[in-house]
Amino acid sequence: MALWLPILGVVLLMGTTLVLTMVSLSVIQVAESGGENSAPQQMEHLRAVGNLERLIALGDQLDNESDDEKWRTIALTMQALASHPSIVALTSSSDIAATHATLAEWQTLRETATLASTGDSQRLALTDQAHALWQQRRQALKTLADNTAVDIVQHNTQAADDISSSARKILFTSITGAALGLIACVALILNMRRYFLTPLLRISDFLAGVNHHNTQELTLPEPNSQEMAEVVAAVQALTETRVALEEMALHDRLTGLFNRYALEARLNQALSHARRDGRRSALMFIDLDRFKSVNDTLGHASGDELLKTVAERLGNSIRETDTLARQGGDEFILALDDIKDINAVSTMAQKMIDLIVEPIHLGGLDLKISASVGISLFPDDGLDLNELMKNADVAMYQAKAAGRGNFRFFNTSMNSAALARLHLENDLQHALERGEFVLHYQPQVDYASGVVQGVEALLRWQRPDGQLVSPLDFIPIAEDNGLIIPIGKWVIHEACQTLAQWRLLGHTHLRMAINISARQFRSPDLIDVIRQALAACAIPACYLELEITESLAMENPQETIRTLHAIKDMGVSLSIDDFGTGYSSLAYLKLFPIDYLKLDRTFVKDIELDGNDAMICAATVSLAHSMKLKVIAEGVESAAQASYLNGQGTDLMQGYLFSKPVQRDLVLALLEKKALPGVHQLH
């Protein structure tokens, strides 16, 4: 018996050793496979995902690029990138060929569009076809990138689980072997504990911490053998890959801030704690004012630098408990936790605005850009994240409407206003097709003879119930959503048809003045719309007058000059409306091919009481006449005003003294009169 005990001990020891060896070899093989093969392969796939994202970004830039030289450079870069080894290894030859084919077809469409013989409508159709072609290919590339990223995450998770499972098998086998080997296995167990158990337990704990995003107090063990070094290297590689993927999924790639998905997760958790503890929180929508102008003038690279600078400034000025994220574009979201005092929120909002407005050096310039901030409070303005974000967004737009560069707290009246605007915008979408727009006309009177020389067409929106909607309410909405383009086209055609009917009745001297909105003036179709309206109604171009505001003319003077000359070449008259309210440069004004200056009503209404306004009117008339321009005074409501303007040499007048804007049937009655009632008061 004494002999069999040592033999049994040796057999148990050998058996335990054999089992441990087999399990160890299994985990080593898994580690080697993950460390030597899987990790490099996954990193290569990760590189391919990055290249695909870059290829998509280049395609989006190419889709919006108008400069031919830059377009060709970007196209060549995309062709080279599409053949990058990482992408070739990831995709099939047909996918690569499809990408090259898309670029080739895109090149053909662009070259066709730039031909001199290609018409505007055909060019627009070719541009839309090229855009649709790219969107189709972009979706295929985006799907490939997303699927690859998901495969990497799944593969890494499975590998981590395999290593953790194998480590626990070794632990279980070691404990069982120690119990069966009794005293003969003590030395073996101690060595196993030193070389295998402790390191693998630390690896297992580390992997568990990675799964729970808590690795601050956990580290991988120092390798004490070649095999363990390979295991540690494999775990390290898999962990780094996983962290890199999570970083891409949860952070904005440009600024490094949280993206919207990470923000929602953090804020939902923070709101849960706030509900439980009865705390208050604040949510800020921070939107940069006129950021688009930076991109348009200095380029997207400078715009990106500006966003990164703003993100860094904001990130360095908040508490650790606060959350800052980039919503997208030029919008940032700041969540403030545990608010004790509303005044602190106001102070923080003003601090954000002051930080952003500090000059930023870009492109050799010191730029100053303002921001508008909307604030909603929990639980006052909402009990869930969606409601808080919606209300903060509404407050932000109210801050912009109040003049930009300031902040507003949300209140219920804002929601009512936003809802009313939403209903108005929805009705406006259908107003044109339902025939709800009408034109009213206000006469422009020759002060000397009292004869109506022209009329100004004024747009009105008449609801089915007969109620008129003020242009001040619906014109800005139409400008924002682009409806002003089809509405403006309707106005031009309707006014020309009305003028054609009046001409058939013998009023052949009459001019028709039409206001052109900012968005309509910048539309490439404006010239064609005017030409078609004149041809369809058989109206001589000289009897059509287009009015643009002084502020619109000065937004981009060089482009304004080109457009005005194109209109003038057709024979159409031009006038500057609201003159005196903007900041016109006389150097530019003399270059505009205009025929009339319209003196704004704000100067006319007080000329009887305010000497400054009277002098401005006199100086404007003198200036216009020296430049061989005629002057039309708006808002003439009294005989005294008309008498003064008459004495200064004003050519034409319009206002309530002569007639309110009326429907076209009533205009005919006015035209039949040799002189309007108000004119008799001039003499």
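Residues numbered from 1 in each chain as written. Predicted model: local features only at pLDDT ≥ 70, side-chain atom pairs only at ≥ 80, totals over all residues. Heavy atoms only, no water.

Draft legend 1. Representation of the overall build of the protein in the model. Counting its secondary structure elements, the protein contains 24 helices and 16 strands. For the protein, the residues scored as buried account for 44% of the 683 residues in total. Within the protein, counting contacts between residues at least 6 apart in sequence, those at least 24 apart form 69% of the total. Summed over all atoms, the accessible surface of the protein reaches about 34500 Å², with 55% contributed by carbon and sulfur. (Helix = DSSP H or I, 4+ residues; strand = E, 2+ residues; numbered from the N terminus. Buried < 20%, exposed > 50% of the residue type's maximum accessible area, 1.4 Å probe, protein only. Contact = heavy atoms within 4.5 Å. Areas by Shrake-Rupley, 256 points an atom, 1.4 Å probe, with all protein chains shown as cover.)

Draft legend 2. Focus on the packing of helix H22 (residues 611–626) against helix H23 (residues 639–648). Relative orientation of the contacting elements H22 and H23 amounts to 35 degrees, with a least axis distance of 9 Å. Handedness of the H22/H23 crossing: right-handed. Residues Ala614, Met615, Cys617, Ala618 and Val621 of H22 form the contact with H23, whose participating residues are Tyr644, Leu645 and Gln648. Residues that form the contact of H22 with H23 fall into these classes: 7 nonpolar, 1 polar and no charged. (Axes fitted to C-alpha atoms, helices over the stretch in contact; angles between N-to-C directions. Left-handed = near helix turned anticlockwise from the far one by under 90°. Nonpolar A, V, L, I, M, F, W, Y, C, P; charged D, E, K, R; others polar.)

Draft legend 3. Spatial organisation of the pattern of salt bridges. On inspection of all chains with the given rule, the structure shows 16 salt bridges. Lys598 is paired through a salt bridge with Glu456; the nearest N and O atoms lie 2.9 Å apart. Of the two residues, Lys598 sits in strand S14 (residues 596–599) while Glu456 sits in strand S9 (residues 452–462), which places them 142 residues apart along the sequence. Glu456 matches Lys598 in its accessibility class, with the two residues each being buried. Salt-bridge contacts for Arg511 lead to Glu545; the nearest nitrogen and oxygen are separated by 2.1 Å. Of this pair, Arg511 sits in strand S11 (residues 511–515) while Glu545 sits in strand S12 (residues 544–549), and the two are 34 residues apart along the sequence. Classification of Glu545 as buried rests on a relative accessible area of 0%. Each of the salt bridges in this network shares a partner with another, and the network as a whole consists of Glu456, Glu547, Lys598 and Glu634. (Salt bridge = Lys/Arg side-chain N within 4 Å of Asp/Glu carboxyl O.)

Draft legend 4. Highlighting the packing of aromatic side chains. Throughout the structure, instances matching the rule amount to 6 aromatic pairs. Aromatic side chains Phe437 and Trp490 sit 6.3 Å apart centroid to centroid with 45 degrees between the ring planes, which places their arrangement in the tilted category. In this pair, Phe437 is assigned in strand S8 (residues 437–446) and Trp490 in helix H15 (residues 484–504), connecting sequence segments 53 residues apart. Ring plane angle 85 degrees and centroid distance 5.6 Å describe the contact between Trp461 and Phe474, whose orientation is recorded as edge-to-face. Of the two residues, Trp461 is situated in strand S9 and Phe474 in helix H14 (residues 471–481); the sequence distance between them amounts to 13 residues. Trp461 sits in the buried class, given a relative accessible area of 0%. One aromatic cluster in this structure is built from Phe437, Trp461, Phe474 and Trp490. Above the face of the Trp461 ring, Arg463 is positioned so that its terminal group lies 4.8 Å from the ring centre. The lysine or arginine in question, Arg503, covers the ring of Tyr543, its NZ or CZ lying 4.8 Å from the ring centre. (Phe/Tyr/Trp six-rings, centres within 6.5 Å; stacked < 30°, edge-to-face > 60°. Lys NZ or Arg CZ within 6 Å of the ring centre and 35° of its normal.)

Draft legend 5. How the structure looks around the sheet that holds strand S1 (residues 281–288). Across the sheet, which stays open at both edges, the 5 strands sit in the order S2-S3-S1-S6-S7 with mixed pairing between neighbours. Where the open sheet ends on each side, the last strands, each with one partner, are strand S2 (323–328) and strand S7 (407–409). The sheet shows a mean angle of 20 degrees between the axes of neighbouring strands, direction not considered. Bridge analysis of S1 against strand S6 (residues 371–378) gives 8 bridges, and the strand direction is antiparallel. In the strand pairing of S6, Met284 is matched with Ile375. (Pairing = 2+ DSSP bridges.)

Draft legend 6. Representation of H15 within the structure. Taking 1.5 Å of rise per residue, 21 residues should cover 30 Å, and H15 covers 30 Å from first to last C-alpha, within 8% of that figure. Two residues or fewer after H15 comes Gly506, characterised by a positive phi angle close to 105 degrees. (Expected span 1.5 Å × (residues − 1).)

Draft legend 7. Region of the structure containing helix H8 (residues 260–277). Given a rise of 1.5 Å per residue, 18 residues ought to cover 26 Å, and the 25 Å separating the end C-alpha atoms of H8 matches this to within 8%. Taken residue by residue, H8 has Ala262, Leu263, Leu267, Leu271 and Ala274 as its buried positions. All buried residues of H8 fall inside an arc of 155 degrees around its axis, so they share one side. Exposed residues lying more than 90 degrees from the buried face of H8 are Tyr261 and Arg276. Two residues or fewer past H8, Gly278 is found with a positive phi of approximately 70 degrees. (Arc of directions from axis to C-beta.)

Draft legend 8. Inspection of the confidence of the model for the protein at higher detail. Looking at the protein, the pLDDT average stands at 79 and 81% of residues meet or exceed 70. Long-range and interchain partners of residues 1–6, a stretch whose pLDDT sits below 50, account for 0 contacts in this model, where long-range means more than four residues apart. (pLDDT = per-residue confidence, 0-100.)

Draft legend 9. Geometry of the pairing of strand S3 (residues 331–336). In terms of burial, S3 is a largely internal element, 6 of the 6 residues being buried. The two faces of S3 match: Glu331, Ile333 and Ala335 on one face and Phe332, Leu334 and Leu336 on the other face are all buried. Bridge count for S1 against S3 is 6 bridges, and the pairing is antiparallel. Note on S3: the bridge partner recorded for Leu283 is Ala335. Looking at chain direction, S2 and S3 are connected through 5 bridges and run antiparallel. Bridging from a neighbouring strand, Leu324 pairs with Leu334 of S3.

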